[in-house]
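Observations on chain architecture
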Amino acid sequence: MPRWVPPHEEKVPVFKNVIYAMKILHKADKTVMPFAILAQTSTAVFTLFFQGVLFLKVLLSIIEGEATFEYFTKCLLLFFAVGMVYEVIIIICDYMQNVAWKKVYKGLNNLIFRKAAELDVSCYEDPAFYDAYMRATDILTRGFFMAFAVDLSNLLGNAIALVLVIGVVTTIDPRYLIFLAPVLAVFVVQIVRSKLFYKRDLEMTTNNRIKSYTERTVFLKDFSKDMRTSNIFSVILNRFYKAVNDNVRIIKLYGRKLFVLNIFGSLFGELIPIVGTYSYASYQFINNSGLDIAGFSVVLSSINSVRQTTMTIADSIAELSNVALYFQNLRDFFEYETQVKDGALQAGEFESLEFKNVYFKYPTADKYSLNGVNLKINKGETTAVVGVNGAGKTTLVKLMLRFYDATEGEVLYNGINVKEYDADSLRRRFATVFQDYKTFALSVNENVLCHVGDDEEKLIAQQALIQSGVWEKIQTLPQGADTVLTREFDEKGAGLSGGEQQKTATARLFARDFDVAILDEPSSALDPIAEYKMYENLIKATENKTVVYISHRLSSAVLSDKIFVLGGGRVLESGNHNDLMQSGGEYSRMFTLQASRYTGEEVSDNG
């Protein structure tokens, strides 16, 4: 199975990404862009054209006696009316945008979360995926969508204002436009700058992820004890400092190039246009070349508006180009196609599950985790898959549930390759308790039911908690089974021990209907007595069900109809407990060794 590879790592289609961003914003909320454009266009036209040019022109014409006071009064009332309309537009746009942006971010977060939930499990074991995921979420957390809306609105609004102001300048003397031509070079400079910023941030992604990991672990309860009883924090801190220093190196590397570009941008965007236009206007005015005081003042104001507008447009284009590069990360994320493809068949009631000469290698691994595995599980059987850590037991579960597909060979559900089934319909036939179980910052009932349950369903959750052996503890919590686990979001929340958390996770199995129960190290955090009680309850709850125990502890194997012993990714031996003990192989050695821990008897190397 291939690793995560972003589709466009080198060439990024800026214009297409701008259109892509517009479509996403329109899909999230149809009003956000129209109101953003209306607000920015109104601001640009009112401040740069009406205030900066027209009002000044009318005022100077009054001062020079070229217009009557009545004319000025009418113009003043007109400007006042335009100003009031502008203020109303801004107030309405601000309100509508505040409402719209809340909808936009809610919708975009939902899209990212749903996509993350759909991705192959292999993505979560690939560092490149985490980099891509971080860059995709950066689009939201760093406000790129809002920046995109502002930049696009600025571009359109200032373009309209620019056309109006240039029209005024042209009526005075079109030769002034010559001094504004260098501003066009700023567009090119800004686009190059935006690409450098993007490349710089891209190189810093992994370092930023290391920094984020360090910041996260410092505040998490799970790591607090180890950090205070060992030297591990200094190791993490060294990685943090290395990431920071590496970022400083990258910033310096790109900083030199950006400095040169900023010099050119200031030269073409500020120095030449201002010095040129002011010098030419002064020359005309001093030499009486048809430019009076009013014309001189209007020209200077107009040229300043043109320069300011042009620079804003250049900055907007550069920012749009920059933001569009980041939108590629979002596109790569959303357009990633899962490698585990759904089939057309719906999985029916379980009859059998078979591995036929299955080989499997993880995407980033050099060696195979499974090497020619052959085994079959039939309906109603209790099967144990045992072996030392690293034998391939959990990998077997991942293939059963189609988190991965076999590299070679076939996994058959009811005699049909699992690739032919819809993955969700297949997984619904299984109830699984994973080795790396998790409880969430939700109520106990929600952790067990995996949804918000009504009173009747809460009784089901209660029975499940009783069967898993943790109900007595849950009853002591402040709000019983409605208590939120952890105090991260709720001051009245409660914490559970490792064994209690595992029992709570196991209760999910008791609370649902299933064909096959898969228990991957279901008692790893339990003491022997609690383990015995849990297995006793599991036997009752799974009567007439198919059960698969995955464990390196062999207490579950004694209860099983069939045992498969894994080692080095292969099935070393199979049979029931008595047969395997009599054969004196790997299972017998492991069982005798584990039993000695409870009896206190010594066991020789040959068992």
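Please refer to the structure placed before this passage.
Calculation rules
Residues numbered from 1 in each chain as written. Predicted model: local features only at pLDDT ≥ 70, side-chain atom pairs only at ≥ 80, totals over all residues. Heavy atoms only, no water. Helix = DSSP H or I, 4+ residues; strand = E, 2+ residues; numbered from the N terminus. Buried < 20%, exposed > 50% of the residue type's maximum accessible area, 1.4 Å probe, protein only. Contact = heavy atoms within 4.5 Å. Areas by Shrake-Rupley, 256 points an atom, 1.4 Å probe, with all protein chains shown as cover. Axes fitted to C-alpha atoms, helices over the stretch in contact; angles between N-to-C directions. Parallel < 35°, antiparallel > 145°, perpendicular 65-115°, else oblique. Left-handed = near helix turned anticlockwise from the far one by under 90°. Nonpolar A, V, L, I, M, F, W, Y, C, P; charged D, E, K, R; others polar. Core = buried A, V, L, I, M, F, W, Y, C linked by side-chain atoms within 4.5 Å. Salt bridge = Lys/Arg side-chain N within 4 Å of Asp/Glu carboxyl O. Pairing = 2+ DSSP bridges. Phe/Tyr/Trp six-rings, centres within 6.5 Å; stacked < 30°, edge-to-face > 60°. Patch = residues over 30% accessible without salt bridge, like charges linked within 9 Å, V, L, I, M, F, W, Y side chains within 5 Å.

1. A look at the overall build of the protein chain
- A count of helical and extended segments in the protein chain gives 19 helices and 10 strands.
- Burial statistics for the protein chain: of 607 residues in total, 46% are counted as buried.
- Within the protein chain, contacts between residues at least 6 apart in sequence are counted, and of these 76% link residues at least 24 apart.
- About 31,400 Å² of surface is accessible on the protein chain, with carbon and sulfur atoms providing 57% of the total.

2. Quick notes on the packing of helix α14 (residues 455-468) against helix α16 (residues 498-510)
- Running from amino to carboxyl end, α14 crosses α16 at an angle of 120°, the nearest separation of the two axes being 8 Å. When the axes of α14 and α16 are compared, the pair comes out oblique. The hand of the α14/α16 crossing is right-handed. Residue-level inspection shows Ala-464, Leu-465, Gln-467 and Ser-468 of α14 in contact with α16, the latter providing Lys-503, Thr-504, Ala-507 and Phe-510.
- Here the contact of α14 with α16 is built from residues that sort into four nonpolar, three polar and one charged.

3. Overview of unusual backbone geometry
- Of note, Arg-402 is a non-glycine position whose phi angle comes to about 60°, a positive value.
- By the element assignment, Arg-402 lies in the loop between α11 (393-400) and β4 (408-413).
- With phi around 65°, Cys-450 is a residue other than glycine that occupies positive phi space.
- Its location among the elements puts Cys-450 in the loop between α13 (444-449) and α14.

4. A look at the nonpolar core
- If you look at the biggest cluster of nonpolar residues, it comprises 48 residues, and the most contacted ones within it are Leu-25, Phe-145, Phe-148, Phe-327, Leu-330 and Phe-333.
- Secondary-structure elements contributing two or more residues to this core are α1 (14-28), α2 (32-63), α3 (69-118), α4 (127-141), α5 (144-172), α6 (183-203) and α10 (293-335).
- Here the element with the most residues in this core is α10; it accounts for 13 residues.
- Membership of the second largest hydrophobic core comes to 34 residues, among which are Val-433, Leu-465, Ile-563 and Leu-580.

5. A word on the pattern of salt bridges
- Scanning the entire structure with this criterion turns up eight salt bridges.
- Note that Lys-562 and Glu-381 form a salt bridge whose closest N and O atoms lie 3.3 Å from each other. Remark: Glu-381 occurs in the loop between β2 (370-378) and β3 (382-386) and Lys-562 occurs in strand β9 (residues 562-567); sequence separation between them is 181 residues. When sorted by exposure, Lys-562 lands in the same class as Glu-381, which is buried.
- We note a salt bridge from Asp-515 to Arg-429, for which the minimum N-O separation is 3.1 Å. Highlighted residues: Asp-515 in the loop between α16 and β7 (516-520) and Arg-429 in the loop between α12 (423-427) and β6 (430-433), separated in sequence by 86 residues.

6. Some words on the packing of α3 against α4
- It is at 10 Å that the axes of α3 and α4 come closest, and there the two elements cross at 170°. One finds that α3 runs roughly antiparallel with respect to α4. Where α3 approaches α4, its residues Tyr-105, Leu-108, Asn-109, Ile-112, Phe-113 and Ala-116 are matched on the opposing element by Tyr-133, Ala-136, Thr-137 and Leu-140.
- In terms of residue class, the contact of α3 with α4 is built from eight nonpolar, two polar and no charged.

7. Considering the sheet that holds β6
- The strand order across the open sheet formed by six strands is β6-β7-β8-β3-β9-β10, and the pairing between neighbours is mixed. At either end of the open sheet lies a strand with only one pairing partner, and these are β6 and β10 (570-575). Across the sheet, the mean angle separating the axes of adjacent strands is 15° when strand polarity is ignored.
- Bridge count for β3 against strand β8 (residues 546-551) is five bridges, and the pairing is parallel. Of the residues in β8, the one forming a bridge with Ala-384 is Tyr-549.
- Strand contacts of α11: β3, β6, β7, β8 and β9, with the helix running at about 145° to β8, the strand carrying the most contacts.

8. A word on the packing of aromatic side chains
- Throughout the structure, instances matching the rule amount to 14 aromatic pairs.
- Consider the rings of Phe-148 and Phe-327, whose centres lie 5.5 Å apart with planes at 85°: the pair is edge-to-face. Of the two residues, Phe-148 sits in helix α5 while Phe-327 sits in helix α10, which places them 179 residues apart along the sequence. There is no split in this pair, since Phe-148 and Phe-327 are both buried.

9. Quick word on the side chain of Ser-153
- Tracing the backbone shows Ser-153 in helix α5.
- With a relative accessible area of 0%, Ser-153 lands in the buried category.
- The residues contacting Ser-153, other than those within four sequence positions of it, are Met-33, Ala-36, Ile-37 and Gln-40.

10. Concerning a nonpolar patch on the surface
- On the surface, Phe-259, Val-260, Ile-263, Phe-264, Leu-267 and Ile-272 cluster together into a nonpolar patch covering about 520 Å² of accessible area.
- Among the secondary structure elements, Phe-259 is positioned in helix α9 (residues 232-286).
- Classification of Phe-259 as exposed rests on a relative accessible area of 54%.

11. Points about the environment of Leu-399
- Among the secondary structure elements, Leu-399 is positioned in helix α11.
- Separated by 19 residues in the primary sequence, Leu-399 and Val-418 place their C-alpha atoms 9.2 Å from one another.

12. Quick notes on the environment of Leu-580
- Tracing the chain through its elements places Leu-580 in helix α18 (residues 577-583).
- The exposure class of Leu-580 is buried, given its relative accessible area of 3%.
- Sequence spacing of Leu-580 and Val-565 is 15 residues, and the spatial spacing of their C-alpha atoms is 9.5 Å.
- Setting aside residues up to four positions removed in sequence, Leu-580 forms contacts with Ile-563, Val-565, Glu-573, Ser-574, Gly-575, Gly-585, Tyr-587 and Ser-588.

13. Considerations on the sheet that holds β4
- Spatially, four strands are ordered β2-β1-β4-β5 in an open sheet, and the strand pairing comes out antiparallel. Here the strands that pair on one side only, and so sit at the sheet edges, are β2 and β5 (416-417).
- In the sheet, strand β1 (residues 352-360) pairs with β4 via five bridges, with the strands oriented antiparallel. Bridged to Leu-353 within β4 is Tyr-413.
- Sheet contacts for α11: β1, β2 and β4; angle to β1, the most-contacted strand, approximately 115°.

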